[in-house]
Amino acid sequence: MAILTTIKQSIFKIRDVLSPVQLVTLIISLIILLQVIAFYVVVHQPWSGIQLKADLNANTLYINDLHPVSPNRDSFKKGEIVSYIWFNEERIKPINSIVIDLKEIATFKDYNDFKRKQGEIYGPNYNNTKIYYELASGKKIPLKLLDHVPIKGVPFMFWLLFSVNIVSVIISLVVWLVKPYSFDSGLLLSAGLGHYGLTVIYSVIISRDIFMSPLILQTLLYTQMFFMHIFAFSMFSIQVSYPQRLLPVKYLVVIAGMHLLSAINYCGQWLQIPFHIFFLQYIPGFFIAMLFTVKQWMVAKY
């Protein structure tokens, strides 16, 4: 196939220009750059120091914790229920505007509504318009916001995910250095980088306070989707290629094209994926990959 020939020629060109050590150095530099950008985005967001948690059964948000240096520590108490958010004399239901867990966004309509409502909250803050929390008691309290997140306010989960991800990338880089430019080690390195990228972006998204610039949020979600497809495709390819080649490489090229189309569709929103725009598409691939894993085990055993 012409595509396979082009891929091989590209790999040969990279191998001629960069030694394994040089390529690893380049990858590590890009990883550090990505982490610095992630940290920059996290700390340059408005911050209230209030940790909200969703009670999906009651369709409400409540104050789960108040950071020790939060500017709102004297205004709110832990456990209080936030019924509405007020801005520009408008009142909105926060559970539909914040959505702490993005897994709750199942359709493109949900995603577009969420992005629009994030913009509605972000806009008044950007224009220095007062934002209020209305509690279940009916009391309306102004929300105090810092224009940046203090270092102490960066969530622990951000640092934890960073630490864990570095380990997975280092392992994939070490394996690649043992067998540089080989098909299998290249797939493992691709999987490690894909996992690192999607998790770093996830750590940024969950580290936001109650809102984020819609443009930044959309860019993060789109980029995360591409990293997710890189990771999913690479892991599937490993399962069908190591230790025995169970699927011809030409079929992997077709599968890679399907992943690319799915990622582009997520951005363009042309075809609505049934049940869930993010997770459902991976379920059939997961079960197919498990069948290939069993097949690999049977080949190795017999």
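The coordinates are above.
Residues numbered from 1 in each chain as written. Predicted model: local features only at pLDDT ≥ 70, side-chain atom pairs only at ≥ 80, totals over all residues. Heavy atoms only, no water.

**Q** Looking at this structure, how should I read helix 2 (residues 20–43)?
**A** Side chains of residues three or four places apart in an α-helix project in the same direction, reflecting 3.6 residues per turn. Look at helix 2: 35 Å from first C-alpha to last across 24 residues, which is about the 34 Å you get at 1.5 Å a residue. Residues L23, V24, I27, I31, Q35, A38, V41, V42 and V43 constitute the buried set of helix 2. Those residues of helix 2 hidden inside the fold are in contact with helix 4 (156–178), helix 5 (183–206) and helix 6 (214–241). (Helix = DSSP H or I, 4+ residues; strand = E, 2+ residues; numbered from the N terminus. Expected span 1.5 Å × (residues − 1). Buried < 20%, exposed > 50% of the residue type's maximum accessible area, 1.4 Å probe, protein only. Contact = heavy atoms within 4.5 Å.)

**Q** How should I be thinking about the packing of aromatic side chains in this particular structure?
**A** One pair of aromatic rings is described through two measures. These are the centre distance and the angle between the planes. The tally for this structure, following the rule as stated, stands at seven aromatic pairs. Ring geometry for F76 versus Y133: centroids 5.7 Å apart, planes at 65°, classification edge-to-face. In this pair, F76 is assigned in the loop between strand 2 (60–66) and strand 3 (81–87) and Y133 in strand 5 (residues 131–135), connecting sequence segments 57 residues apart. Across this residue pair, the class does not change: F76 and Y133 are buried. Here the aromatic rings of F158 and W159 are separated by 5.3 Å at their centres, their planes lie at 80°, and the arrangement is edge-to-face. Relative accessible area serves as the criterion here: at 35%, W159 is assigned to the partly exposed category. Members of the aromatic cluster, connected to one another through ring pairs, are F108, Y111, Y222 and Y266. Positioned above the aromatic ring of W86, the side-chain terminus of K140 is 4.3 Å from the ring centre. (Phe/Tyr/Trp six-rings, centres within 6.5 Å; stacked < 30°, edge-to-face > 60°. Lys NZ or Arg CZ within 6 Å of the ring centre and 35° of its normal.)

**Q** Mind showing me how you'd approach the nonpolar core here?
**A** Buried together is how nonpolar side chains tend to be arranged in soluble globular proteins. Within the largest apolar cluster, 38 residues are counted, with the highest numbers of intra-cluster contacts made by Y111, V204 and Y266. Of all the secondary-structure elements, those providing two or more residues to this core are helix 2, helix 3 (108–126), helix 4, helix 5, helix 6 and helix 7 (249–268). No other element matches the eight residues that helix 2 contributes to this core. In this structure Y266 touches F108, Y111, L221, Y222, M225, I277 and F278, once residues within four positions along its chain are discounted. By size, the runner-up hydrophobic cluster in this structure holds 17 residues, among which are I50, L66, I141 and F211. (Core = buried A, V, L, I, M, F, W, Y, C linked by side-chain atoms within 4.5 Å.)

Geometry only, nothing functional implied.
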